[in-house]
Amino acid sequence: MVKAASAFDYRTLARRRLPHFLFEYMDGGAYAEVTLRRNVTVLEQLALRQRVLRDVSALDLSTDLFGMRQTLPVALGPIGLAGMNARRGETMAVRAANRAGVPFCLSTVSVCPLGEVAHASTDPLWFQLYMIRDRGLVRDLLAQAREAGCSALVFTVDMPVPGTRYRDYRSGLAGAPGLRGGLRRLGQAMRRPRWAWDVGLFGRPHHLGNVAPALAGRTGLEDFLGWMRDNFDPSIQWRDLDFIRESWDGPLVIKGILDPEDALQAAALGADGIVVSNHGGRQLDGVPATATVLPGIVDAVGDRLTILADGGVRSGLDVVKMLALGAHGVLLGRAWAYALAGGGEEGVSHMLRLIEAEMRVAMALCGARSVREINREMLVQAL
């Protein structure tokens, strides 16, 4: 039995506990996964500047994001189908986030519907939105987000078409329609009896509450994947932000920015924040790592936007490095998805405790007493 000593250790546990097709879906990236690897390796190669005799007896890891105080400069980012990793997984994750004092962002394509997750939460949620063809459904989702008291809307713009992930074809998740594909996935699920019993049978993993009306009663995984493929909107433009603002007057965060010009456009059109992100390497392979482009975007935007970042973050040291490159906060993605699959709700809580402990050590040994003191001078050589 592997005992997780780091967030990345939960990946090993997740591989052991999930059906093969589901682990590959969560773990994989687009095409040859060059960008997926870059996200991790670029952060690994960044060197921190260790300092001594700085009086780090009192460290402050708290910060404010979009008007709310939180204990750590991180949030649990949106993960599609996270509720397939554990029974009612998004409700587990939001409770863990609440205990840690950090935001939780629910994906449009979550298993648990927004109402269920909001009911399980003691703090306001963030809600992540894709622009889909059915604008009526988009309006309904925005209305639900308002009614649920969501404190920020994270609008993902880097998925006008879904990326191609070879792993999904190799695992049988994609490219194997009908009975043959279903039997292949069923066989993989039966090799994970605990998952098959707890999640596959009793966890209602295919109901996909937020988009259930659009699926019209179809609950198969193929139905959902087909709907996603057909309903993302390639016609989306900057002017569609006006459509969003008609139904949402809270903080608006644009997720999927990789270019300074796009960041400036987001600021000019009234966004409150951006997420510098390449979708975890799951969309366009061959683009730069998030950490590579983050400093240039920060320099271009200045203080006009709250800048979040994700991509390749697997430890508290990675969080500190992203902050040193200029991010105001960091979205955790696979780190919490692995922890949920490997350890359920307590796994997510433990992962967040690990992130905090690693941040404390990194900050102390670099001489930073608060999140505000983390800057590029903490890096031996900035990107």
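Preceding this paragraph is the structure being described.
Because the structure is a prediction, the values reported are computed rather than measured.

## What about the overall build of the protein?
Helix and strand counts for the protein stand at 16 helices and 10 strands. Against the compact-globule benchmark of 21 Å for 383 residues, the protein has a radius of gyration of 20 Å, which places it among compact chains. With the C-alpha coordinates of the protein rotated into their principal frame, the extents come out at 65 × 50 × 40 Å. For the protein, long-range pairs separated by at least 24 residues make up 72% of all intrachain contacts whose partners lie at least 6 apart in sequence. Summed over its atoms, the accessible surface of the protein is roughly 15,800 Å², and 52% of this surface lies on carbon and sulfur atoms. If the 44 positive side-chain charges of the protein are averaged to one point and the 40 negative ones to another, these points end up 7 Å apart.

## What about empty space enclosed by the protein?
Applying the stated criterion across every chain yields a total of 3 cavities of 30 Å³ or more. Within this model, the largest cavity holds a volume of roughly 550 Å³. Looking at the lining of the largest cavity, the elements with two or more residues in it are helix H2 (20-27), strand S5 (126-130), strand S10 (329-332) and helix H16 (334-366). Looking at the lining of the largest cavity element by element, the count peaks at 3 residues for H2. Of the residues belonging to the lining of the largest cavity, the class tally is 15 nonpolar, 12 polar and 6 charged.

## A closer look at the side chain of Arg-165
With respect to the helices, strands and loops of the structure, Arg-165 is situated in the loop between strand S6 (152-156) and helix H7 (166-171). On the basis of relative accessible area, Arg-165 is assigned to the buried category, the value being 11%. Here Arg-165 is in contact with Tyr-25, Gly-28, Gly-29, Ala-30, Tyr-31, Arg-282 and Gln-283, once residues within four sequence places are set aside.

## Points about the sheet that holds strand S9 (residues 306-309)
What links the strands of a sheet is backbone hydrogen bonding, and the strands pair in either a parallel or an antiparallel sense. The 8 strands are arranged S3-S10-S9-S8-S7-S6-S5-S4 in an open sheet whose pairing can be described as parallel. Edge positions in the sheet fall to strand S3 (74-76) and strand S4 (105-106), since each has one partner strand and no second. Note that strand S7 (residues 252-257) and strand S8 (residues 273-276) share 4 bridges and pair parallel. When the bridges of S8 are listed, Ile-254 appears paired with Ile-274. Packed onto the sheet, helix H6 (residues 135-147) meets S5 and S6 and runs at close to 175 degrees relative to S5.

## Section: the packing of H2 against H16
For the pair H2 and H16, interaxial distance at closest approach is 10 Å and the crossing angle is 160 degrees. In terms of their interaxial angle, H2 and H16 are classed as roughly antiparallel. You can see that H2 and H16 cross each other, and the crossing is left-handed. Where H2 approaches H16, its residues Phe-23, Met-26 and Asp-27 are matched on the opposing element by Arg-334, Ala-337, Tyr-338 and Ala-341. When the residues that make up the contact of H2 with H16 are grouped by side-chain class, the tally is 5 nonpolar, no polar and 2 charged.

## With respect to the environment of Ile-355
With respect to the helices and strands, the residue Ile-355 is situated in helix H16. For Ile-355, a relative accessible area of 0% corresponds to the buried category. Each C-alpha atom of the pair Ile-355 and Val-320 lies 10.0 Å from the other, and the pair is 35 residues apart in sequence. Apart from the residues lying within four places of it in its own chain, the contact partners of Ile-355 are Arg-314, Ser-315, Gly-316, Val-319 and Leu-332.

## Topic: the pattern of salt bridges
Applying the stated rule across the entire model yields 18 salt bridges. Residue Glu-33 is joined to Arg-167 by a salt bridge in which the shortest nitrogen-to-oxygen separation is 2.8 Å. Taken as a pair, Glu-33 in the loop between H2 and helix H3 (34-45) and Arg-167 in helix H7 lie far apart in primary sequence, 134 residues in all. Exposure class is identical for Glu-33 and Arg-167. Each is buried. Glu-345 is the partner of Arg-95 in a salt bridge, and the nearest nitrogen-oxygen pair spans 2.9 Å. With Arg-95 in helix H4 (residues 89-100) and Glu-345 in helix H16, this residue pair connects regions lying 250 residues apart in the sequence.

## Points about the packing of aromatic side chains
This model, assessed by the stated rule, comprises 4 aromatic pairs. Note on Tyr-31 and Tyr-166: the rings are 5.5 Å apart at their centroids and 85 degrees apart in plane angle, and the pair reads as edge-to-face. Within this pair, whereas Tyr-31 is found in the loop between H2 and H3, its partner Tyr-166 is found in helix H7, the two being separated by 135 residues in sequence. A relative accessible area of 35% means that Tyr-166 is categorised as partly exposed. Geometrically, the ring pair formed by Phe-66 and Trp-126 is edge-to-face, given 5.7 Å between the ring centres and 75 degrees between the ring planes. With Phe-66 in the loop between strand S1 (63-65) and strand S2 (68-70) and Trp-126 in strand S5, this pair connects stretches of sequence that are 60 residues apart. Among the residues examined, Phe-66 registers a relative accessible area of 15% and is labelled buried.

Each value, and the rule that gives it
Residues numbered from 1 in each chain as written. Predicted model: local features only at pLDDT ≥ 70, side-chain atom pairs only at ≥ 80, totals over all residues. Heavy atoms only, no water. Helix = DSSP H or I, 4+ residues; strand = E, 2+ residues; numbered from the N terminus. Rg over C-alpha atoms; globule rule 2.2 N^0.38 Å. Contact = heavy atoms within 4.5 Å. Areas by Shrake-Rupley, 256 points an atom, 1.4 Å probe, with all protein chains shown as cover. Lys, Arg positive; Asp, Glu negative; His and termini not counted. Charge placed at Lys NZ, Arg CZ, Asp CG, Glu CD. 1 Å grid on protein atoms, 1.4 Å probe; cavity = no way out; pocket = protein on both sides within 12 Å on 5 of 7 lines; lining within 4 Å. Points joined across faces, edges and corners; volume = space filled by probe spheres on them. Nonpolar A, V, L, I, M, F, W, Y, C, P; charged D, E, K, R; others polar. Buried < 20%, exposed > 50% of the residue type's maximum accessible area, 1.4 Å probe, protein only. Pairing = 2+ DSSP bridges. Axes fitted to C-alpha atoms, helices over the stretch in contact; angles between N-to-C directions. Parallel < 35°, antiparallel > 145°, perpendicular 65-115°, else oblique. Left-handed = near helix turned anticlockwise from the far one by under 90°. Salt bridge = Lys/Arg side-chain N within 4 Å of Asp/Glu carboxyl O. Phe/Tyr/Trp six-rings, centres within 6.5 Å; stacked < 30°, edge-to-face > 60°.

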